[in-house]
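Now for the letters of each chain:
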Amino acid sequence: MKSRLVEYKGALSLLLQNGKILLVNIAEARAYLIDFNNPDYSNVPNKLGPEELAMESYPGDTVAYVCDEGFLHIVHAEKYKELLSDKECRYLTVPEFAERHGRQIAIVRRMCQNGRIEGAIQKGKTWLIPATSPYPTDIKS
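This one's a predicted model, so the numbers in the text were calculated from it and none came from an experiment.

### Things to note about the nonpolar core
- One finds Leu-5, Leu-14, Tyr-32 and Leu-83 to be the most contacted residues of the largest nonpolar core, which totals 16 residues.
- Listed by contribution, the elements that provide at least two residues to this core are β2 (11-16), α1 (26-34) and β4 (61-66).
- Top element by residues in this core is α1. It accounts for four residues.
- In this structure, Leu-5 is in contact with Ser-13, Leu-14, Val-24, Ala-29, Tyr-32, Leu-33, Asp-61, Thr-62, Val-63, Ala-64 and Leu-83, ignoring residues within four places of it in sequence.
- In this structure, Leu-92, Ala-98, Val-108 and Ile-129 belong to the second largest nonpolar core, which totals 13 residues.

Rendered as C-alpha cells:
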C-alpha cells in the first residue's frame, strides 16, 4: 500500500508509505483523492519496519487507499462522495481571494505559505483557496 486516507474520531489522516501520518483538512483530503498519484503521496521509500505500526493496522475507517500498483481503491463510498461533493469545492486563486477580502496579493500568498488560510493547497506554483475559507482574523503577519 502506497498511501491511505483514514477517518478516526472525526478527524482525517493521510498515512504515507514512509511512515508519516498527516492530519489533513477536507480540502487536503479532496486534493489527495483527486491527485493520488502525486509523488508527494506515493513515491517515498518504505521506512516502516516490522516492529513499527503497519499502515494497514492504523486505527480508523479507511476512506480510500492507493495500492502498490498505483490504483485508488474507494472503501467508504459515502465519505468519498461527501469529500468530493460540490460543497466547498470552488477554489479561488490568490489574486481572487485578495480582491474578495481587500488585501494585497503578497500578504495572502505569504499567509498561504505559512499555513494560515484554512484549506489552502498548492498545485505546482499556484495556491488554491476554498471560496468558503475565512480571512484570518488574528494579527500575526
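Next comes the rest of the description.
### Here we look at the packing of aromatic side chains
- Per the stated rule, a full pass over the model turns up one aromatic pair.
- Both rings, one in Phe-97 and one in Tyr-135, keep their centres 6.3 Å apart while their planes meet at 25 degrees; by these two values the pair is stacked. Note that Phe-97 is positioned in helix α4 (residues 94-101) and Tyr-135 in the segment after β8 (126-130), a separation of 38 residues in sequence. Considered together, Phe-97 and Tyr-135 belong to a single accessibility category, that of buried residues.

### Regarding the sheet that holds β4
- Taken in spatial order, the five strands line up as β3-β2-β1-β4-β5 in an open sheet, and their pairing is antiparallel. Each edge of the open sheet is held by one strand with a lone partner, namely β3 (21-24) and β5 (72-74). Direction aside, neighbouring strands of the sheet carry axes that sit 20 degrees apart on average.
- Strand contacts of α1: β1 (3-8), β2, β3, β4 and β5, with the helix running at about 145 degrees to β1, the strand carrying the most contacts.

### Some points on α1
- Restricting attention to buried positions, one finds in α1 the residues Ala-27, Ala-29, Arg-30, Ala-31, Tyr-32 and Leu-33.
- Between a side-chain oxygen at the N-terminus of α1 and the backbone nitrogen of Glu-28 the separation is 2.8 Å; the capping residue is Asn-25.

### What to know about the confidence of the model for the protein chain
- This prediction gives the protein chain a mean pLDDT of 81; 86% of its residues lie at or above 70.
- When pLDDT is averaged over each helix and strand of the protein chain, the minimum, 71, is found for helix α2 (residues 39-42) and the maximum, 95, for helix α5 (residues 105-113).
- Predicted confidence for residues 45-52 stays below pLDDT 50, and this span has eleven contacts to residues more than four positions away or in other chains.

### Comments concerning the layout of surface pockets
- Put simply, the largest pocket is a space of about 420 Å³.
- Forming the boundary of the largest pocket are 19 residues, of which Glu-28, Asp-40, Tyr-41, Ile-121 and Gln-122 lie nearest the centre.
- Within the residue set of the lining of the largest pocket, elements represented by two or more residues are β2, β3, α1, α2 and β7 (121-123).
- Within the lining of the largest pocket, the residues separate by chemical class into eleven nonpolar, four polar and four charged.

Rules and cut-offs
- Residues numbered from 1 in each chain as written.
- Predicted model: local features only at pLDDT ≥ 70, side-chain atom pairs only at ≥ 80, totals over all residues.
- Heavy atoms only, no water.
- Core = buried A, V, L, I, M, F, W, Y, C linked by side-chain atoms within 4.5 Å.
- Buried < 20%, exposed > 50% of the residue type's maximum accessible area, 1.4 Å probe, protein only.
- Helix = DSSP H or I, 4+ residues; strand = E, 2+ residues; numbered from the N terminus.
- Contact = heavy atoms within 4.5 Å.
- Phe/Tyr/Trp six-rings, centres within 6.5 Å; stacked < 30°, edge-to-face > 60°.
- Pairing = 2+ DSSP bridges.
- Axes fitted to C-alpha atoms, helices over the stretch in contact; angles between N-to-C directions.
- Polar contact = N/O pair within 3.5 Å; in protein donor to acceptor, adjacent residues only side chain to side chain.
- pLDDT = per-residue confidence, 0-100.
- 1 Å grid on protein atoms, 1.4 Å probe; cavity = no way out; pocket = protein on both sides within 12 Å on 5 of 7 lines; lining within 4 Å.
- Points joined across faces, edges and corners; volume = space filled by probe spheres on them.
- Nonpolar A, V, L, I, M, F, W, Y, C, P; charged D, E, K, R; others polar.

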